[in-house]
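Understanding the architecture of this molecule
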Amino acid sequence: MTALLWLVLPLWSAPQGGAAGGDRLIVAADVLHVGDGTLLQRAVVEIASGRISAVRQGEPPSGAIHVPGAELTPGLVDACSYMGVDSRTVEQSRENTAGQRVAATATLDSPSFRRAMEAGVTAAFLSPDSLNVFGGVGSVVKTWGGRPANLFAPPDSAARPLDFGGALKLTIADDPTAFNYPPRGGPPDDLFGRRPTTRMGTVWTIRKEFYRALELGGRRASPAAADPDLAVLRAVLDGRMPVRVLARRSHDVQTALRLAAEFGWKKLVIEEGTEAHRCAALLAEAGVPVVCGPLYDEVSRSIAAGYTLEEWREFAAPPAICCERAGEPHGYEDETGLTPVGGLALELLGLTLPRYGSAGLLMGRRQESEHATPALPALLSRAGVPCALGAAEGHDGPARESSVIHQARTAARWGVPAELALQMVTGTAASLCGAAEELGTVAQGKAADLVLWSGPPLRSDARPLLVIVDGRVALDRRPVASD
Amino acid sequence: MHPLAVLALLAPLQERAAFILEPDAVVLEDGKAQPGLLVLVKRDRILAVGPSVPQPAGAERWRLEGVLAPGFVDAFSSLGVAGRAEENTRTLTPQLRAAETLDLADPRWRRWLAAGVTAVHVVPEPVNSGGLWSVNVVAGWAALVEPAGSGAFAGPGAPLAQVADPLTRQAFSLLEAAFGGRNTRAGPTSLPGALELLDGALLAGVPELAQRGALVFVDSAAAVRAARSAAQKHRFAPAWIARGDVGSYGAELSGELVGLPVLDEASYEPRALETWRRLRAAGVRIAFGSHREEGPPPPQALRTTAMAFARATGDARAALEAVTANAAAIAGQGRDRGRIAAGARADLVLWSAHPLDASARVKSVMIGGRTVFRAAPREDP
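Moving on to helix H3 (residues 111-118) of chain A. Residue and element names in this part refer to chain A. Judged by how many residues are buried, H3 sits mostly within the fold: seven of eight residues are covered. The complete set of buried residues in H3 reads Pro111, Ser112, Phe113, Arg115, Ala116, Met117 and Glu118. The inward-facing, buried residues of H3 contact strand S7 (121-126), strand S8 (134-146), strand S9 (158-161), strand S16 (464-469) and strand S17 (472-476). Backbone geometry just after H3 places Gly120 at a positive phi near 100°.

Below, the structure is given as structure tokens:
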């Protein structure tokens, strides 16, 4: 028996899911936001092999990383993100592409991940694009630590998909019908001349595919096993995979609740939920949480406002890449691939071109955001609906004002209590992404993802001084005088 | 029988007897021109290379003034294609062959031969740009062409090239530029869709794929990863042709055999040379090919690209390998062509200096042991 223990123990102590060295780190902070709504004063966090090995209170030991006045939070979790995901990752020639995994085709070394990491986001749920009714399986990724395919990117700067936290994404909105057209008195010209073109058609597609999975899955040697799309639907019906529904209008949210009741989805999460506050009581009764889409103080900003002039200027004059001189640091190109323009053309483009990498998302947001309010998380949490916040495409441009911490600040400004707002981007966000055992709170045994802020994180002038992902320092901007 | 006819019949046989070449220097696999080496050639093969070689009875000894190098191999090309090598009406065309589209009387073959190219790997068109109805995920078989006739015919109507191997590798295309958005009316519109089609085609079976291998056109990291897992699942060996901005996904190709386009004004971008350096540092085996959408470049493109590569990376061996041995490996003939070694084909070019030397020019070209080109003698000043 003891011989078996000796065999088993080394396996248990092996680091999981991270390229962590055996390094030990100790981080001490005046205030630790645990991530579940509690605070610890004078906290000391010990890290070993990429995991948090101890959390205690006390004076900072010698050798610990300590910045006076700094506050420590878990790494922020972006519960709804489109980093590296655009319309090219979704196959539109049919409506049910549930078997396609977004982590297989997302651009994992997109500069968006680095921008997110520098803003304190250590993990994100990559949501498939909304152009198909069944978008595919989204997955949780760490924003740092993967080996980039880009030869010019800094090492470890790519995202790293994790093998837990997958969820099937459905879209009940205008997005999947955005380019479809009905038959016009002849055979269709292209693959967009087909159903669905209305909300009824969208929901019919969902029902049809789930009923097909039910019928085919019930037989022996079921075709559902061979068809990857139906295999995912079977996993949903068996309760092994959660469902995320992108629904903005309140009637779409209600439809999602009806479908969950009809098919017995074990775990349903509403994504974006722009009008979810109008049916908050139904959500609270059903126990369905909501990942709120990007919040803006100015409601019009949530609708495809386009890039600002400063962002266009930065696109037009990116940092110079000069490769002929040895030893110069190389920037790697922004994946938007824009052509530099100047002057009046710049301003006109800023007014007309959409921000989003997906035209479906653009049109859907534009048409369905009449009742958008930045008070959405406050209204939902007061009604008893668990909420998390997501930045969606907020990291795709150089301006950082849409990053997840700013979402938390906006939520706090509009009525969410401070600790609850921080919880919405850490602990609650991790649990809504299915990663509660690994991420979201600073507790022993969890992955060592920490962010040291220069002050209270919800203050608008607080910035990340230190970002640790899987026990390795990803960003170090501490002032030189200390430590 | 007329005595002259008898002599004409005998002449090709006499050419195939063994002979020993004694050039000023021979370029071996290390890329350096080594003096004092002899090359024994019999029929179409090199039998031995060394300071001394076996001397079979009746072998002639040819003293050559110049540097003997392996002939250049164009790793992927559209030379000699009449029209376009693509079938617009279907997405999966594994049974089609690029060899069927060749014009073997195209005068450009002769010019490329005169530039020192002894084998051209013609590939089917990977992007179905002319048609709006489908993309070419499985494009068909590539072919290896020698830019010299077989010698059986002579005179103005003789073909200037012959197909050495009509089935070299099956071409797969996972280029994002080929499918995306509304360019295609029947799908696929994205990489995952193209992968499903590829998976379906491979499940249905592509004859000879396992023996011969595939050539995959890629321009993104996701395409490389997906094609690699398809290759493991369906058990075939892929070679790669990297398009687009190779620097943005080159680390994914570490350790693989990759074809890159030759350097010209259209494809040059400020970090092209640095991308070459980094690919080499990442362990990528590079080969160069002249396939371009606007048609073949000038015949010297391979050599000038190799010279630019040597200058950019400081490695003449890798530069020469990129236009000889690695390119032959992409064409599925890595043991037979692209190197001067015992057992390889006698595809040799006699230069006036080392081929990567700017002053070098082709003096004569031998393909399969037969001299197919002699440059007009030039008086050096």
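Attention shifts here to the packing of helix H7 (residues 301-313) of chain B against helix H8 (residues 316-323) of chain B. All names here are of chain B. Interaxial distance between H7 and H8 falls to 8 Å at its minimum, and their mutual angle equals 155°. Put simply, H7 runs roughly antiparallel to H8. For the crossing formed where H7 meets H8, the hand is right-handed. From H7, Leu302, Ala306, Phe309 and Ala310 reach across to H8, where they touch Ala316, Ala318, Ala319 and Val323.

Further remarks concern the sheet that holds strand S18 (residues 348-351) of chain B. Residue and element names in this part refer to chain B. Across the sheet, six strands lie side by side as S3-S2-S7-S18-S19-S20; this open sheet has mixed pairing. A strand with exactly one partner marks an edge of an open sheet, and here the two such strands are strand S3 (33-35) and strand S20 (370-374). In this sheet, neighbouring strand axes are inclined to one another by 25° on average, regardless of whether the strands run parallel or antiparallel.

We now examine helix H3 (residues 191-204) of chain B. Between its terminal C-alpha atoms H3(B) stretches 20 Å, which fits the 20 Å expected from 14 residues at 1.5 Å a residue. Looking at the residues trailing H3(B), positive phi occurs at B:Gly205, about 100°.

Our next topic: the packing of aromatic side chains. Summed over all chains, the structure comprises eleven aromatic pairs over all chains. Considering the side-chain rings of B:Phe172 and B:Phe236, the 5.6 Å spacing of their centres and the 80° angle between planes classify their relative orientation as edge-to-face. Here B:Phe236 lies in the loop between helix H5 (221-234) and strand S15 (238-242) and B:Phe172 lies in strand S13 (residues 170-174), a separation of 64 residues in the sequence. When its relative accessible area of 1% is taken as the criterion, B:Phe172 is described as buried. Look at B:Phe236 and you get buried, because its relative accessible area is 8%. By way of ring pairs, the aromatic residues A:Phe134, A:Phe210, A:Tyr211, A:Phe263 and A:Trp265 are connected into one cluster. Note that A:Arg244 overlies the ring of A:Phe125, its terminal NZ or CZ placed 3.9 Å from the centroid.

Each value, and the rule that gives it
- Residues numbered from 1 in each chain as written.
- Chains lettered and ligands numbered in written order.
- Predicted model: local features only at pLDDT ≥ 70, side-chain atom pairs only at ≥ 80, totals over all residues.
- Heavy atoms only, no water.
- Buried < 20%, exposed > 50% of the residue type's maximum accessible area, 1.4 Å probe, protein only.
- Helix = DSSP H or I, 4+ residues; strand = E, 2+ residues; numbered from the N terminus.
- Contact = heavy atoms within 4.5 Å.
- Axes fitted to C-alpha atoms, helices over the stretch in contact; angles between N-to-C directions.
- Parallel < 35°, antiparallel > 145°, perpendicular 65-115°, else oblique.
- Left-handed = near helix turned anticlockwise from the far one by under 90°.
- Pairing = 2+ DSSP bridges.
- Expected span 1.5 Å × (residues − 1).
- Phe/Tyr/Trp six-rings, centres within 6.5 Å; stacked < 30°, edge-to-face > 60°.
- Lys NZ or Arg CZ within 6 Å of the ring centre and 35° of its normal.

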